[in-house]
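If you want the building blocks of each chain, they are given just below.
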Amino acid sequence: MLNMKGARGGGANRNAHSKARMSPYPQSTVERSHVPDEKVSWRVEWHEYKPVEYTAAAILAGPANPAGRTGLGGQGLLGRWGPNHAADPIITRWKRDNHGNKVSHPVSGKDILQFVAIKRKDCGEWAIPGGMVDPGEKISATLKREFGEEAMNSLEHLMVYKGYVDDPRNTDNAWMETEAVNYHDETGETMDNLTLEAGDDAGKVKWVEISDKLKLYASHSQFIELVAKNRGAHWSEDGDQGYHG
Ligand code: BGC
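Residues numbered from 1 in each chain as written. Predicted model: local features only at pLDDT ≥ 70, side-chain atom pairs only at ≥ 80, totals over all residues. Heavy atoms only, no water.

A.B. asks: Would you mind going over the nonpolar core with me for this structure?
C.D. replies: The tendency in soluble globular proteins is for nonpolar side chains to be buried as a group. With 23 residues, the main nonpolar core has Ile90, Phe115, Ile210, Phe223 and Ile224 as its most contacted residues. Elements represented by at least two residues in this core include exactly strand S1 (82-94), strand S2 (113-120), strand S6 (174-185) and helix H5 (220-230). With four residues, H5 is the single largest residue contributor to this core. The contact partners of Phe115, leaving out residues within four places of it in the chain, are Ile90, Ile91, Thr92, Ala127, Ile128, Lys206, Trp207, Val208, Ile210, Leu214, Leu216 and Ile224. (Core = buried A, V, L, I, M, F, W, Y, C linked by side-chain atoms within 4.5 Å. Buried < 20%, exposed > 50% of the residue type's maximum accessible area, 1.4 Å probe, protein only. Helix = DSSP H or I, 4+ residues; strand = E, 2+ residues; numbered from the N terminus. Contact = heavy atoms within 4.5 Å.)

Here you go:
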């Protein structure tokens with residue numbers, strides 16, 4: 001292994017950090033702000049330090065929002081350039097009465113689905129218990145940990161949506177994508193044995209009845225609608241008119 005001692009240290013090794021201070025920046029005419037040797041280290045306070053910002057046009061063109069212009073460049077609140085990945089597990093069961101019989105809606109006549117919803121602490125809205133995932137990470141792994149592998153395997157999996165989401169944090173160069181998967185407990189027996197517990201980012205967690213009357217966070221109503229439609233469950237009181245799929 002190469003010995004790079006000093007390179008990550010106090011910045012005392014000026015040779016290790018000289019090319020990274022050269023101007024102009026490669027393939028451009030961009031001049032860096034001058035950084036003297038003694039101010040290289042992040043540990044030396046330097047309040048007036050304001051580095052020149054530069055991202056090559058070709059690089060910016062790479063992470064270009066697939067849905068179009070947003071009026072804002074940069075990363076905003078998002079951790080990565082380009083797609084930022086979330087996962088939305090939609091856990092459902094049928095609404096049942098005290099005798100365990102499915103309850104159908106008085107108007108549509110269709111059985112009513114319930115899903116696990118959380119009250120988000122950031123905005124107070126009810127939502128699917130979704131979250132950010134690292135590229136390549138599988139939400140099913142997180143769910144296995146939370147619900148147990150056995151419970152997970154006994155649920156029916158259905159891919160509901162995968163791709164771009166219209167999210168207020170999106171910019172021209174960074175945006176949200178999600179994978180919404182429905183985990184359905186047909187008999188209601190699997191989820192009955194589990195107690196719902198909210199994570200750190202969630203205030204409350206409960207089973208919520210699915211219908212077009214629900215006001216949910218971000219694009220979550222659309223995902224829920226797809227689930228209801230797909231499972232032949234109740235969605236709206238005026239038949240299929242409420243469906244924009
Ligand atoms: C949320 C997901 C949501 C995604 C896109 C994430 O922060 O956890 O539930 O679908 O953002 O809006």
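Read on, since the account is not over.
A.B. asks: Explain the pairing of S1 to me, please; I cannot follow it from the model alone.
C.D. replies: Consecutive residues of a regular strand have side chains that alternate between opposite faces of the sheet. Counting buried residues along S1, 11 of its 13 residues qualify, which places the element largely inside the surrounding structure. Both S1 and S6 contribute to a ladder of 12 bridges, which runs parallel. Along S6, the bridge assignment pairs Asn84 with Met176. Relative to strand S4 (residues 131-132), S1 runs antiparallel, the two being bridged by two bridges. Counted as the bridge partner of Ala86 is Met132 from S4. With three bridges connecting them, S1 and S2 associate as antiparallel partners. (Pairing = 2+ DSSP bridges.)

A.B. asks: How should I be thinking about the pattern of salt bridges in this particular structure?
C.D. replies: Think of it this way: side chains of opposite charge can pair up when their charged atoms draw near. All chains considered together, the criterion is met by eight salt bridges. Measuring nitrogen to oxygen at the nearest pair gives 3.7 Å for the salt bridge that ties Asp212 to Lys213. Owing to a relative accessible area of 28%, Asp212 belongs among the partly exposed residues under this scheme. Given a relative accessible area of 56%, Lys213 falls into the exposed group. (Salt bridge = Lys/Arg side-chain N within 4 Å of Asp/Glu carboxyl O.)

A.B. asks: Looking at this structure, I do not really get the pairing of S6. What am I missing?
C.D. replies: In terms of burial, S6 is largely enclosed, as 11 of its 12 residues are buried. Pairing geometry for strand S5 (residues 156-164) and S6, over eight bridges, is antiparallel. Bridging from a neighbouring strand, Gly163 pairs with Thr178 of S6.

A.B. asks: Would you explain unusual backbone geometry in this entry?
C.D. replies: Working note: non-glycine residues mostly have negative phi, and peptide bonds are mostly trans. The omega angle of the peptide bond from Ser23 to Pro24 is -5°, so this bond is cis rather than trans. Residue position: Pro24 is located in the segment before helix H1 (57-61). The phi angle at Gln27 is positive, at roughly 55°, despite the residue not being glycine. Relative to the helices and strands, Gln27 is located in the segment before H1. Positive phi values are uncommon outside glycine, yet Ala218 reaches one of about 45°. Within the fold, Ala218 resides in the loop between strand S7 (202-209) and H5.

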